[in-house]
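# Overview (structure and organization)
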Amino acid sequence: MLALRIAWRYLFAPKSHKAVNVISVIALAGVAVATMAIVVVLSVFNGFAELSRSHLSKVDPDIRIEAVRGKVFGSADSLCRAVAAMPGVAAVQPVLVERALAVAGSEQMPVVVKGVTGDAYRDVVPVGETVIDGVFIAGPLPPDSASAAVLAVGPAMQLRVRPGLGSFVDLYVPRRRGRINPANPAGAYRRAAVTVAGVMQIDQPEYDNDFIITDIALMRSLLDYDSDTAGALEVRLTDGTDASRAAAGIAAALGADFDVLTRERQQAETFRMIAVEKWVTFLMLVFILVIASFNIITTLSLLVIEKRDNMRTMRALGAPHSLVASVFAWEGALITALGGIVGVVLGVLLSWIQQHFGIIRLGADPSALTIDVYPVRIEGADILAVSLTVIVLGLAIGQLARLFTRKID
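Quick summary incoming for the structure in this document. (Residues numbered from 1 in each chain as written. Predicted model: local features only at pLDDT ≥ 70, side-chain atom pairs only at ≥ 80, totals over all residues. Heavy atoms only, no water.)

### Comments concerning the nonpolar core
In terms of nonpolar packing, the biggest core is built from 27 residues, with Leu-151, Leu-159, Val-169, Leu-171 and Ile-212 touching the most fellow members. Taken together, the elements giving at least two residues each to this core come down to strand S2 (89-104), strand S3 (107-116), strand S5 (147-152), helix H4 (153-159), strand S6 (168-174), strand S7 (189-200) and helix H6 (216-223). With 5 residues, the top contributor of residues to this core is H6. Leave out the neighbours within four places in its chain, and Val-169 touches Ala-102, Val-103, Ala-104, Leu-151, Leu-159, Val-161, Ala-192, Ala-193, Val-194 and Val-196. Counting residues in hydrophobic clusters, the runner-up holds 23 residues, among them Val-39, Leu-42, Phe-282 and Phe-328. (Core = buried A, V, L, I, M, F, W, Y, C linked by side-chain atoms within 4.5 Å. Buried < 20%, exposed > 50% of the residue type's maximum accessible area, 1.4 Å probe, protein only. Helix = DSSP H or I, 4+ residues; strand = E, 2+ residues; numbered from the N terminus. Contact = heavy atoms within 4.5 Å.)

Rendered as structure tokens:
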């Protein structure tokens, strides 16, 4: 294509005025820096999303099965056996979750209590890895002792308790059955005492602020449920199994009465918030990229003045005005594309260096953090989105460039 060949030659050919060369380099560098910033920032957001997934994987299962109607369902044991026999399922355990009031001495707070099947629950999620004090025990202790519980750091600090046989927390929940005597308000609640066996930290506020894990049998008794009642089934998949495909297979087998949730759906709000922040930041950086591209318009206007005699010669030789306009349209697109390519390459390179070597570190006290470097992860979809944005911007600038050629005779 003749217009493209001429534009390519103008792009690298020396100009008679050095100012045009300098402005051209500045314009290209502006697009490159803005594009590089977009790639790096998106990769950092990906890194934080992956960090959240890694933390949640220690307390959230690969798949969670809940009843569509109601908070609980029966026949949990038979459902566990049925799900365990499905392809890709490594382990499945019932759980029971309810809100309660936790009291220790003069301290009290509302908490979320999760009943699990003791040590067998570790087959589903490696929750024991989150314990920072004591041990993970969520089952009955020897006779004449309360069932054990593991508290998140929030309840442990607010209730002022530490692991130990003499450390107890009372759990109160409203009675589900029977009459309530107004003269005895305390009779409206059922109480169970648990021994604090450990303190865990997940580094996620939704768990660290008010979460307690204890024995599912204790929870069933406290809530006055049958011995095969559960609030959900939690599933661990075998290594390499696609969670979405496995969830679809389980949902088809169990029918419409159950909702099968992957880890992303279990924490939909968390990942949605990260995604919204990521793409709002992307739009803001694109706006900066658009502003940076204004230098290209300045460059093109100067280039039109620089090559005015050449264009008049082309018109005298019979070149149509559309060809002259196309030369500058391609010139604007080439400058934008070249700047975008340089920016994408630099952005991917910097992100890769940070991902593998952790050059840039977090400024806070490393002893108070679970990581000490910015997490980064490169995703092809982000690179594609940035590339398409640069292409669209280059085409738009190319069309604007046609305006500068209207007065060329």
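### Examining unusual backbone geometry
Even without a glycine there, the phi angle at Arg-160 is positive, about 60°. Relative to the assigned elements, Arg-160 resides in the loop between H4 and S6. A relative accessible area of 68% places Arg-160 in the exposed class. Unusually for a residue other than glycine, Asp-203 sits at a positive phi of about 65°. Considering the arrangement of structural elements, one finds Asp-203 in the loop between S7 and helix H5 (205-208).

### As for the pairing of S3
On a regular strand, one side chain projects to one face of the sheet and the next to the other, so that they alternate. The buried fraction of S3 amounts to 7 of the 10 residues, a majority that puts the element mostly inside the structure. Joining the antiparallel neighbours S2 and S3 is a turn of 2 residues, in which Gly-105 adopts a positive phi near 65°. Pairing of S3 with strand S8 (residues 211-215) involves 5 bridges; the strand directions are parallel. What sits directly across from Gly-115, in S8, is Thr-214. (Pairing = 2+ DSSP bridges.)

### Examining the pattern of salt bridges
Counting across every chain of the model gives 15 salt bridges. With its nearest N and O atoms 2.6 Å apart, the salt bridge here joins Glu-234 to Arg-64. You can see Glu-234 sitting in strand S9 (residues 232-237) and its partner Arg-64 sitting in strand S1 (residues 63-67), a full 170 residues away along the chain. Here Glu-234 matches Arg-64 in class, with each residue buried. With a closest N to O distance of 2.9 Å, Arg-162 and Asp-133 form a salt bridge. Residue Arg-162 is located in the loop between H4 and S6, and its partner Asp-133 is located in strand S4 (residues 131-134); the two are separated by 29 residues in the primary sequence. (Salt bridge = Lys/Arg side-chain N within 4 Å of Asp/Glu carboxyl O.)

### Points about helix H9 (residues 268-292)
Compared with the 36 Å implied by 1.5 Å per residue over 25 residues, the 36 Å span of H9 between its first and last C-alpha is a close match. The set of residues buried in H9 consists of Thr-270, Phe-271, Ile-274, Lys-278, Phe-282, Leu-285, Val-286, Leu-289 and Ala-292. (Expected span 1.5 Å × (residues − 1).)

### Points about the packing of aromatic side chains
Under the counting rule described, the total for this entry stands at 5 aromatic pairs. Arranged with centres 5.2 Å apart and planes meeting at 90°, the rings of Phe-73 and Phe-258 form a pair that is edge-to-face. Taken together, the residues Phe-73 in the loop between S1 and helix H3 (76-84) and Phe-258 in strand S10 (residues 258-262) connect sequence positions 185 residues apart. Taking the relative accessible area as the measure of exposure, Phe-258 reaches 16% and is therefore buried. Between the aromatic rings of Trp-352 and Phe-357, the centroid separation amounts to 5.8 Å while the plane-to-plane angle is 75°, which identifies the pairing as edge-to-face. Here Phe-357 falls in the exposed class, since its relative accessible area comes to 54%. (Phe/Tyr/Trp six-rings, centres within 6.5 Å; stacked < 30°, edge-to-face > 60°.)

### Considering helix H7 (residues 243-254)
Side chains of residues three or four places apart in an α-helix project in the same direction, reflecting 3.6 residues per turn. Between its first and last C-alpha, H7 extends 16 Å over 12 residues, near the 16 Å set by a 1.5 Å rise per residue. Those residues of H7 that sit buried are Ala-246, Ala-247, Ile-250 and Leu-254. Viewed along the axis of H7, the buried residues span an arc of 100°, placing them on a single side of the element. Exposed side of H7, more than 90 degrees from the buried face: Ser-244, Arg-245 and Ala-252 are the residues found there. One side-chain oxygen at the N-terminal end of H7 lies 3.3 Å from the backbone nitrogen of Ser-244; it belongs to Asp-242. Just downstream of H7 lies Gly-255, where phi reads positive at about 90°. (Arc of directions from axis to C-beta. Polar contact = N/O pair within 3.5 Å; in protein donor to acceptor, adjacent residues only side chain to side chain.)

Structural measurements only, silent on function.
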